[in-house]
Amino acid sequence: WLLRSPFDRNVPVQLELQELLLDHVFQRLGVASQGCVDHPVVLTEAVCNPLYSRQMMSELLFECYQVPKVSYGVDSLYSFYHNRRQNWPCSGLVISSGYQCTHILPVLEGRLDAKHCKRINLGGCQAAVYLQRLLQLKYPGHFAAITLSRMEEILHEHSYIAEDYIEELQKWRSPEYYENNMHKMQLPFSNKLLGSTLTSEEKQERRQQQLRRLQELNARRREEKLQLDQERLDRLLYVQELLEDGQMDQFHKALVELNMDSAEELQSYINKLSLSVEQTKQKILQAEVNIEVDVVDSKPETPDLDPLGSEQSLEDVESINEFEPLFAEEQPEVEKPVAAVQPVFNLAEYHQLFLGTERIRAPEIVFQPSLIGEDQAGIAETMQYVLERYPKEQQAILVQNVFLTGGNTMYPGLKARVQKELLEMRPFQSSFQVHLASSPVLDAWYGARDWAVEYMTREEGWITRKDYEEKGGEYLKEHCASNVYVPIRLPKQAPRTTEALAPSRVLTSSTGNPCEQA
């Protein structure tokens, strides 16, 4: 599978992965994929899909799943087919904007004009990434909470397309307009402050637990290191025994495997490893002794009662009391219970995102890609460029049915923005119509379903197994919602002329007499 652009990172590029995806799809549809899938299959493909990609998919369907026939179409054209009405013309200009890219597709007399199709490498994904960067710069304290999934939620629920971007920005400069149109998004948070309600006993218990875990982790690491060093030492001692037994050939082979040059270097490594093993054993024993001492010391001690203490006189007690102020700093202070810390601000308000101009800045990139540094044309410029490829009569036909489809066309105000752009680029008092798909996300599936039901008993658009075997996997039968099939034309080899054959004939005829050659 070929990547159509650097943005298509979610396209399966391995045939095994594509087979797993198809197995999952057939299983969810209740179709047994063991041995044979005895059902016609309708698939969507990219606009101007490479022949190699279609060849690999046809090979997988016909050879692996034994499907009877298959049809390929473009998702936006299926949506155009589903939304057709009785009075709609067969021609139109389809603007399809999805998650990764945006297409401008001219349709003439019910068929796609692939020569003048244009693609913009911007869609909903780039808008979400741009919005994420804007809010992370605005709220650096909530950097981790501003995730891509939340940005997609903001785009779907709070964003809109401005009919005039510059004029809309001027409106947002008014404080009153900002307060009336600003949206708030609440981020998750916790009211509990760490360490605010812990008593001294709980803190001490937590420290002991952490100390215990640290001791266990260190003991485990020492045991692993001891085991590894012991294995290395046994290996070196085995090689040293080969030298002592006089097996010099095996000894030299073992030295080469160990990347050592001499027996002195081997002995040096043995001494170092032996010392390391002994030190690790001592550390393990010392750690065990320390743990035992800690366990013994943690037991409560009963103070010994001094029988002579009761014989102290009242004067001694009074003299001790006189010196108490001098040693007041050395006496341990009794820890007071820590009261719960009350926050001086509202945590809920601190974890709120205020959405102002970000509501229009993120979706604006499909009209102005320069906002994110992309050197591409927007929808308006690309639409004008496509229209200029046709004579004025065909331009008037195309603009009578400008059709918007795709998940990235669901922003409020997009239809009005396209109408404004067309009004600016079309001649004075010329007419045009802009239509939005009834369900921009699902109409592609509905259109494929409608087409399959209508053309089930026809041969138009269906590639049978016989067609696959005779014409190859890249073969495509065109229909109203398909790509244009451009077969591979291999250049014919030019026949060898008589002039090219003449020198060889002269050589073969003159090889008989060496004197004539001289």
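If you're wondering where the values come from, they're calculated on a predicted model, not measured in any experiment.

Conventions adopted
In this convention, every chain numbers its residues from 1, walking through the sequence in written order. Per-residue local features are limited, in this predicted model, to residues with pLDDT of at least 70; the limit for side-chain atom pairs, both in listing and counting, is 80 or more; totals at the level of whole chains, interfaces and linings are taken over all residues. Note that water and hydrogens are dropped before the side-chain values are worked out from all heavy atoms of the structure. Helix and strand definitions here come from DSSP, where helices need a minimum of 4 consecutive H or I residues and strands a minimum of 2 consecutive E residues; each element is numbered from the N-terminal end. Expected helix span is taken as 1.5 Å per residue step, with the number of steps being one fewer than the number of residues. Here the term buried applies to any residue with accessible area under 20% of the maximum for its type, exposed to any over 50%, and partly exposed to those in between, with areas from a 1.4 Å probe on protein chains only. Any two residues having at least one pair of non-hydrogen atoms within 4.5 Å are treated as being in contact. Residues enter a nonpolar core if they are buried and are Ala, Val, Leu, Ile, Met, Phe, Trp, Tyr or Cys, with the set joined through side-chain atoms within 4.5 Å. Each patch is built from residues that are more than 30% exposed by relative accessible area and take part in no salt bridge. Like charges join if they lie within 9 Å; nonpolar side chains (Val, Leu, Ile, Met, Phe, Trp, Tyr) join within 5 Å. Surface accessibility follows the Shrake-Rupley procedure with a 1.4 Å probe radius. Residue values consider only the protein chains on display as shielding. Note on definitions: salt bridges are taken to be side-chain nitrogens of Lys or Arg within 4 Å of carboxyl oxygens of Asp or Glu.

What about the environment of Gln227?
Within the secondary structure, Gln227 sits in helix α8 (residues 200-244). Along the primary structure Gln227 and Val277 are separated by 50 residues, whereas in three dimensions their C-alpha atoms are 8.8 Å apart.

Topic: helix α2 (residues 51-64)
When the terminal C-alpha atoms of α2 are compared, their 19 Å separation across 14 residues agrees well with the 20 Å that a helix rising 1.5 Å per residue should span. Turning to α2, its buried residues are Leu51, Ser53, Arg54, Met56, Met57, Ser58, Leu60, Leu61 and Phe62. For α2, the secondary structure elements touched by its buried residues are α1 (15-28), β1 (41-45), β2 (69-74), β11 (463-464) and α18 (465-471). In the segment just after α2, Gln66 is the residue with positive phi, at about 55°.

Concerning the nonpolar core
Judged by nonpolar contacts, the single largest core of 40 residues is most densely connected at Ile95, Leu135, Met383, Val418 and Leu422. Broken down by secondary-structure element, the contributors of at least two residues to this core are β3 (92-97), α4 (124-138), α5 (148-158), β8 (352-355), α14 (379-387), β9 (402-405) and α16 (414-425). Broken down by element, this core gets its largest block of residues, six residues, from α4. Residues within four places of Leu135 in sequence aside, it is in contact with Ile146, Met151, Ile154, Leu353, Leu355 and Glu358.

Notes on a nonpolar patch on the surface
A cluster of nonpolar residues, Leu17, Leu20 and Leu21, forms a patch on the protein surface that exposes about 270 Å² of accessible area. Position of Leu21 among the secondary structure elements: in helix α1. A relative accessible area of 40% means that Leu21 is categorised as partly exposed.

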